[in-house]
Amino acid sequence: MRKLLFATNNAHKLAEVRAELGDAWQLVTPRDCGVTEEIPETQPTLEGNASQKARYLYDRTGMDCFADDTGLEVEALGGAPGVHSARYATDGHDFAANNRLLLRNLAGCGNRRARFRTVISLILGSEEHLFEGVVEGHIIEHETGDEGFGYDPLFVPDGCDRTFAQMTTAEKNATSHRARAVRKLAGYLLAMEK
Ligand code: IMP
């Protein structure tokens, strides 16, 4: 089984991606490979950050690897928080504070359209490939559901009447931004195997 290093230590993301990639590739994490420092993501775009993280890991380990970067893009906020989604309210990754700030910034706003966008940068044999996944939806008024992470309790994808946080991993993966990008990645990897 070929090893592929995924630039995350987030257990939720790992489970989501494992479920999509299947058994053809063994996913390993930075920690598994002795990379314990924070991986830099200082670029102004999702594409730039995904690329920066994947290149950093490739330079550190020489392994085939990929990194994703995701943003929640809210129409009425001009695409914010976007690339700043992780550090919207504070410098840490404080999901509850981010959600509170988002609700405050949308208070009284009729337009609650939003989308999640994921960009994946894959480095395979030193060459880079980018994949994108998008899911459209809207932001509800109160956090609902206990599953998932981040903005999941506030986001209802189009065609659904529940938030991502009210779904199992399999249900979220049926429509999610990350799963859509990962399916493109998986399709590419499978084609490379043949
Ligand atoms: P990351 O840099 O790809 O980890 O994503 C940046 C931020 O976007 C995270 O800290 C979360 O707040 C949010 N985020 C990313 N993916 C998701 C998701 O699938 N659901 C909800 N929020 C997410």
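Right above here is the structure, for reference.
First things first, this report covers the structure right here in the doc. (Residues numbered from 1 in each chain as written. Predicted model: local features only at pLDDT ≥ 70, side-chain atom pairs only at ≥ 80, totals over all residues. Heavy atoms only, no water.)

### A short note on the overall build of the protein chain
Basically, it comes down to this: Helical segments are the DSSP runs of H or I of at least four residues, strand segments are the runs of E of at least two, and each set is numbered from the N terminus. A radius of gyration in this sense is built from C-alpha atoms; the matching globule rule multiplies 2.2 Å by the number of residues raised to 0.38. Buried, partly exposed and exposed residues are distinguished by accessible area as a fraction of the type maximum, computed with a 1.4 Å probe on protein chains only: under 20%, between the cut-offs, and over 50%, respectively. Residue contacts are counted whenever heavy atoms from the two residues lie within 4.5 Å of one another. The accessible surface values rely on the Shrake-Rupley method and a 1.4 Å probe; as for residues, cover is taken only from the protein chains in view. Asp and Glu count as negative and Lys and Arg as positive, but His and the ends of the chain are not part of the count. In this description, the location of a charge corresponds to atom NZ of lysine, CZ of arginine, CG of aspartate or CD of glutamate.
Counting its regular elements, the protein chain contains five helices and seven strands. A compact globule built from 194 residues should have a C-alpha radius of gyration of about 16 Å, and the protein chain, at 17 Å, falls within 12% of that. With the principal axes as the frame, the protein chain shows a C-alpha extent of 50 × 30 × 25 Å. Within the protein chain, the fraction of its 194 residues that count as buried is 47%. Taking all contacts inside the protein chain whose residues are at least 6 apart in sequence as the whole, residues at least 24 apart take part in 54%. Summing over all exposed atoms, the protein chain offers an accessible surface of approximately 9200 Å²; the carbon and sulfur share of this is 49%. When the 22 positive and 29 negative side-chain charges of the protein chain are each reduced to one mean point, those points stand 1 Å apart.

### Observations regarding the site of the ligand
Here is the rule we go by: It suffices for a single heavy atom of a residue to lie within 4 Å of a molecule or strand for the residue to be listed as near it. Definition of a polar contact: a pair of N or O atoms within 3.5 Å, with one able to donate and the other able to accept a hydrogen when the atoms are protein atoms, and with sequence-neighbouring residues admitted only if both atoms are side-chain atoms. Here the term cavity refers to a set of points on a 1 Å grid, laid over the protein atoms alone, in which a 1.4 Å probe fits but cannot get out; the term pocket refers to an open set having protein on both sides within 12 Å along at least five of seven lines, with lining residues being those that place an atom within 4 Å of a point. If over half the atoms of a molecule are within 2 Å of the grid points of a cavity or pocket, the molecule is regarded as sitting in it. Three classes are used, and their members are as follows: Ala, Val, Leu, Ile, Met, Phe, Trp, Tyr, Cys and Pro are nonpolar, Asp, Glu, Lys and Arg are charged, and the others, Gly among them, are polar.
Surveying the vicinity of the ligand reveals 15 residues, the closest of which are Lys 13, Asp 152, Lys 172, His 177 and Arg 178. The contact in question runs from a nitrogen atom of the ligand to an N or O atom on the side chain of Asp 152, over 2.6 Å. The fraction of the free accessible surface of the ligand (470 Å²) that becomes covered by protein chains is 95%. Its atoms largely coinciding with the cavity grid, the ligand occupies the largest pocket. Breaking the shell around the ligand down by element, the ones donating at least two residues are strand S3 (65-74) and helix H5 (177-193). Considered class by class, the residues forming the shell around the ligand number five nonpolar, four polar and six charged.

### Remarks on the layout of surface pockets
So the rule is basically this: Grid points are joined across faces, edges and corners, and a volume is the space filled by probe spheres set on the points.
Estimated volume of the largest pocket: approximately 940 Å³. Lining the largest pocket we find 39 residues, and of these Lys 13, Glu 41, Lys 53, Ala 86 and His 93 sit closest to its centre. Elements with a minimum of two residues in the lining of the largest pocket: helix H2 (46-61), S3, helix H3 (95-105) and H5. Here the lining of the largest pocket gets five residues from one element, more than from any other, and that element is S3. Of the residues that constitute the lining of the largest pocket, the class distribution is twelve nonpolar, 15 polar and twelve charged.

### Some points on the environment of Ala 89
As for its placement among the helices and strands, Ala 89 is situated in the loop between strand S4 (81-82) and H3. On the basis of relative accessible area, Ala 89 is assigned to the partly exposed category, the value being 34%. Taking the C-alpha atoms as reference points, Ala 89 and Glu 41, separated by 48 residues in sequence, lie 17 Å from one another. In contact with Ala 89, not counting residues within four places along its chain, are Ala 97, Asn 98 and Leu 101.

### Re the state of the cysteines
Note the cut-off: We call a pair of cysteine sulfur atoms a disulfide when they lie within 2.5 Å.
Counted under the stated rule, the structure contains zero disulfides. You can see Cys 33 has no disulfide; the closest cysteine sulfur is in Cys 65, sitting 9.4 Å from it. On the basis of relative accessibility, which here comes to 28%, the residue Cys 33 falls in the partly exposed class.

### Comments concerning unusual backbone geometry
Along the chain, Ala 80 connects to Pro 81 via a cis peptide bond; the corresponding omega equals -5°. Inspection of the secondary structure assignment puts Pro 81 in strand S4. Positive phi, close to 75°, is recorded for Ser 126, a residue that is not glycine. With respect to the element layout, Ser 126 can be found in the loop between strand S5 (113-124) and strand S6 (127-139).

### Description of the pattern of salt bridges
Spelled out, the test is: Here, a salt bridge means any Lys or Arg side-chain nitrogen found within 4 Å of an Asp or Glu carboxyl oxygen.
Inspection of every chain in the model, using the stated rule, returns 17 salt bridges. Note that Arg 117 is salt-bridged to Glu 47, the shortest N-O span being 2.9 Å. In this pair, Arg 117 sits in strand S5 while Glu 47 sits in helix H2, placing the two residues 70 residues apart along the sequence. If you follow the salt bridges from partner to partner, you end up with Glu 47, Glu 73, Arg 115, Arg 117, Glu 132 and Glu 136 in one network.

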